[in-house]
Structures are given as structure tokens and as C-alpha cells.
Amino acid sequence: MISANLPARAKLDSTIPFNVDPNHANQFQFTDTQDWFSHNIPHWRNLFPFITSPRPRILEIGSWEGRSAVFLLQNICGEGTDMGMAVCIDHFDLFRTSAGRERFRKINHNLSLTGKPFRVLPQFSVPALMNLLEKEILKEESLGNAGFDWIYIDGSHEADDTFLDGELAWRLARKGAIFIFDDYHWDKEPEDSKHHPKKGIDTFLDLHRGEYVKLTEPEHYQVVLRKTSEMRIGFLIDKEGLSADEGDAIKKVFGYGINVALVVDPAYATSAAVVILSAVENTTGRITIYIIDCGLSEEDKQRLLRLIDPLRANDVTMMFIALNAECLGKELGPVWAKLDLAEVLPIERVLYLDADTLIRTSIEMLWQTDLQGQTIAAAPDVGHPMGHDQMGVKMPYFNAGVMLVDLAKMRSRSAELKRLGRSMKDSKFRDQDVLNTFYASQWNRLSLKWNAQGLGTYARYPSPERDMLRLLDPTIDTPDPAIVHFTGPVNPSVEEVLSLYVQPPTAKPWGYLGAPGHPFQAEWWAVVERTGWGYTRSQSANMATAEMDKAISDAIRDFRERVKDSQYTI
């Protein structure tokens, strides 16, 4: 086996290491936080000696803004009369979204700066490849120079799509062509899932064994082949394009699913199961659930995985993400892991849910919320709509228990956010205070139906700030919220239980006090029973005695210390 020395996984590099005219370098329009290519450059250069055609032809499936195509055009496609060319295939959301139209504009702009011939096919890969196959067989019949010398497959991550892209593109690969599959060890989905390209790549490799030399090792992130068999196009096709309805149908065609993240430690494993099951039961379509693992046992992980009905196994996947040593969640505790989302999640957008929420309707509409250029969308904090005294200044203050997050934007300032987190580690509401300080007045307000807090307790208490919030968002009083958030401690102190200011006291359903007066406590327990976790209200009641005794013991100790501090004795 010949090794191209490709990396198992490399860190992103947002520079432009192409051989370009310095006068043009700054004119390329690439998104710095979406550079998934540049780390491959040294290893791709090792492959150039295999390209012997005087006019190399490049085919890319999944070109995004054209980084890799620009690199290849500038480095292997020659000059003057010996110029090669590139064909780039990407659906660009079929121009049905502003983001798709912008990517199409950028790739055409970037490729044009190379001065080399190119074509951009704004289609899904299958119709585009079928169209190419038809044109190439006609070219072969008339000129004898059909096919491509370098083929790069980085399109859909679905296993069957990857296999089909490989099959169709293989027919367009000349003998001796370099043929590259990307994302062999992609970390967004489990590698044994049909939603991961590895299964499709492995199937392709099995089917075509004997027709190639493999230039990479199993641990490498890309699979690089050199074709040893003759090109065989083999058929002609009709000229029919893709048609699809707008709205939900086209989103499904694009393959866009919902990404959900939770931070879970052993103490919150049962309640996290409620969040997951209630979300999956109420939401159809593709969902990927990312569990930020803060010490879960293997048994807990298996229990969480078993929440997914086998009938939904093709739609719903779950991944456990470990925190590295530099993460705030590792350094300061699980509550801070929210600030690590951009660093540890391999995606661009996520719906974060606290592990003490209950999902009562589909989260599809929430997922589709337009962030309007902001990093976060969240609902106001009902307890402190304008922040609290320690914040220093009165301003709209959101609750961080339900957040829609643009991780690409958050990622670009992740280091600053974490520095602020460390400097505010003793703040009253910790991570929530940090996020409100960092994104002050730079967040989109969600309806309180997506984060119903303090129900049956402080939400009904009048205050000037809450009265104003009630005018702005009447859903504060909705009897049918989409997401219920059980705020407050698991096991409140005696002082909190006896407080004259908030009655009934705020607490979570599984603590010694339960959630007194909360209209959705029984519904939460009903979901617990469906999880099959084996945790019942009677078991909770048995544990409650010990927790209540602890709260009383703590209260007596605190009382003695206060008396002692007042220079009295008892």
C-alpha cells in the first residue's frame, strides 16, 4: 500500500495558502470559520506526481465556496494553451435560500480569479452527474478525451448518497485518476450510522476492489485511491432535472435535520432522558442529539441510547461528546459546559436544551427561527427580566436554558467568551450571567412559550419588570407552553422553602419537595415512566427523606453559624 501521508484529523487553518498572485489573494471571498480544506494541502501536493495529463480535468462534488477547486486550478491546471479545467457540483440550496445564493455568488467569484476554465453546476449531485455522463460519452465518441483526472467527493454525508456519488463519479474517472472521498471519520454522526459516509465508502471499496490502488491508511480522514481500471461510462440518459416543492419538502430534500445538544452529568441523567424522549416523541424528521458527557456511566449512556425507538433509528441519532482538558466544563464544572458548545460540537447550528426541560410540541418551528444575524435566540428570564443587582446595569436578560445558537458565529469569538467565563466564575447565575454580559443587546428574543419558567410560582408574582414582559409577550401566561422549564434547585434549602417572598417555592419534580403547584409536574413524571428508566415517584419519595433531613441539618448548621457570628451562644 502506498501512503499519501494524509492526517487522521487536522486542525482547521483559515489562511489562503494557494499559489496565487498577491494582488488577487485578498480578493478571494471565503468564510474563515468554514475552512474545512486547507489542512489537506500538504498531503494533496504529494499526489500531484500521479497526474500526468497535459490538461488535467477536475471534478468536485460538494464545492461550497470553492477553496479546494481554487487550489487545484492554480496548482495542477497549467497555463496558456495547456490549461486544464474544473467542474464543481453543489446544490446551493437550489437558490431557494439566501445562503445558497450567496455561496453560488462566492464560488463563481473565487474561481474566476484563477483565470482558468471552470463550470459550476448548481444541482444535486445525481442529476448533475447523469448530465455529465451523457455529455462525456458524446465527447468520448467524437474526441476521445472524456473523463476526469482528479475527482473529489465531499457532498452529502448520507451513506447511500456517498456511495451513489462514488458510483457515478467512478464512471467519469480516467485510468490513473486520483479519486478522493472526504469525511471517512466525520465526527457529527456515529460511524456505523447510515447518516455517516463511512458505510457508503466501505461498500464502494468492496465493490470495486481490484480496480484501484489505495493510497491512504484506515485511520486517515480521507480515502485516496488511484484508479487502475479503464473508464467505463456505459449508458446515455435523459435530460431531466430535479423538481421539488418549497417549504418543508425542499428542506427534507436538502437533508437538513435538527441538531439538539444537552449537557448531562450522572445527577441529571434521568431528567435528560425526559428531554430526549419528549423531543423525539413530538418531532418528526431527522434529529441528531449531542450529549455533552460530564461523567456519565456506560450504563447511563446505553439507557439514553435505548430511548430511541427502533422505528426512528434511521431518523434519530445520538452522539456522546467528551470535554477536553481546556474546556470550561472540565475546569469549572458541568454548568459551564454551555460555553464550550462551539468548541466541541462539529456543527454550525444547534438547539441547546437544559436537562430540566419538558418538550410538549414539535421543535421544528423553533429550529427554523431566523436568528437575524445574531448569535443566540433565547427567551427572557421570567425571574429577572432586566437582570439582577450583580449585573451592574439594567438591561434585557435572557434565560440560557433554551437557546438556538449559531455556532459558527460563537466559534469566531470562543476564546473571548471563555476568558470572560473564567473572570465571572463567581457570578450569581454563572454561565447565564456570562452569556448575557457577552451578548448584551445582541440576542434575538424568543416567545416564552419556548421556555416557560416559574409556572405555578414566581411567574404569577407581579413586578414592574414582569408586568412589562407580560405586555410584550402574553405567552408568559399560556396554559399550553411548547417547552416547560423546571427552574429552581433540585432540593431547595429550608430558607427557600419557608420564604415569604415566593410561595409555593421553586423546585424540580424529582427533588425531596417535588415541584409544588407546578401545572406540568404530573406530565413530567408520565414521561419518566415512558423512558423505562426504572425511576418512579415512590422511589423519589424514599430518597426525599434523606434529602429533606440534609436540608434541615444544613439549616441548623447555618443558624448556629449566624448566631456565632453575632457573638451569641446557644
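Residues numbered from 1 in each chain as written. Predicted model: local features only at pLDDT ≥ 70, side-chain atom pairs only at ≥ 80, totals over all residues. Heavy atoms only, no water.

Caption draft 1: Spatial organisation of the environment of E211. Counting through the fold element by element, E211 comes out in the loop between α7 (197-207) and β6 (212-214). Along the primary structure E211 and K227 are separated by 16 residues, whereas in three dimensions their C-alpha atoms are 6.1 Å apart. Not counting the four nearest positions on each side in its chain, E211 is found in contact with W170, R226, K227, T228 and S229. (Helix = DSSP H or I, 4+ residues; strand = E, 2+ residues; numbered from the N terminus. Contact = heavy atoms within 4.5 Å.)

Caption draft 2: Seen up close, the nonpolar core. Core analysis: the largest hydrophobic core is formed by 58 residues, its most contacted members being L262, I276 and I289. The biggest single contributor to this core is helix α9 (residues 269-282), with 9 residues. Setting aside residues up to four positions removed in sequence, I276 forms contacts with L262, I289, I291, L304, L307 and M318. I321, C327, L345 and L407 belong to the second-largest nonpolar core, a separate cluster that totals 35 residues. (Core = buried A, V, L, I, M, F, W, Y, C linked by side-chain atoms within 4.5 Å. Buried < 20%, exposed > 50% of the residue type's maximum accessible area, 1.4 Å probe, protein only.)

Caption draft 3: Region of interest: the state of the cysteines. Scanning the model with the defined rule gives 0 disulfides in all. C327 takes part in no disulfide bond, and the closest cysteine sulfur, belonging to C294, lies 9.3 Å away. (Disulfide = S-S within 2.5 Å.)

Caption draft 4: Spotlight on the pattern of salt bridges. Summed over all chains, the structure comprises 28 salt bridges. Of the charged contacts, one joins E102 and R105 as a salt bridge, the two residues approaching to 2.8 Å between their closest N and O atoms. Remark: R105 and E102 occur in helix α4 (residues 98-112); sequence separation between them is 3 residues, near one turn of the helix. Classification of E102 by relative accessible area gives partly exposed; the value is 33%. (Salt bridge = Lys/Arg side-chain N within 4 Å of Asp/Glu carboxyl O.)

Caption draft 5: Quick peek at the packing of α9 against helix α19 (residues 521-531). Their axes nearest at 9 Å, the elements α9 and α19 cross at an angle of 90°. Between α9 and α19, the crossing angle belongs to the class labelled roughly perpendicular. The residues of α19 that touch α9, namely those facing T270, S271, A273, V274, L277, S278 and E281, are W524, V527, V528, R530 and T531. Across the contact of α9 with α19, the residue classes tally to 6 nonpolar, 4 polar and 2 charged. (Axes fitted to C-alpha atoms, helices over the stretch in contact; angles between N-to-C directions. Parallel < 35°, antiparallel > 145°, perpendicular 65-115°, else oblique. Nonpolar A, V, L, I, M, F, W, Y, C, P; charged D, E, K, R; others polar.)

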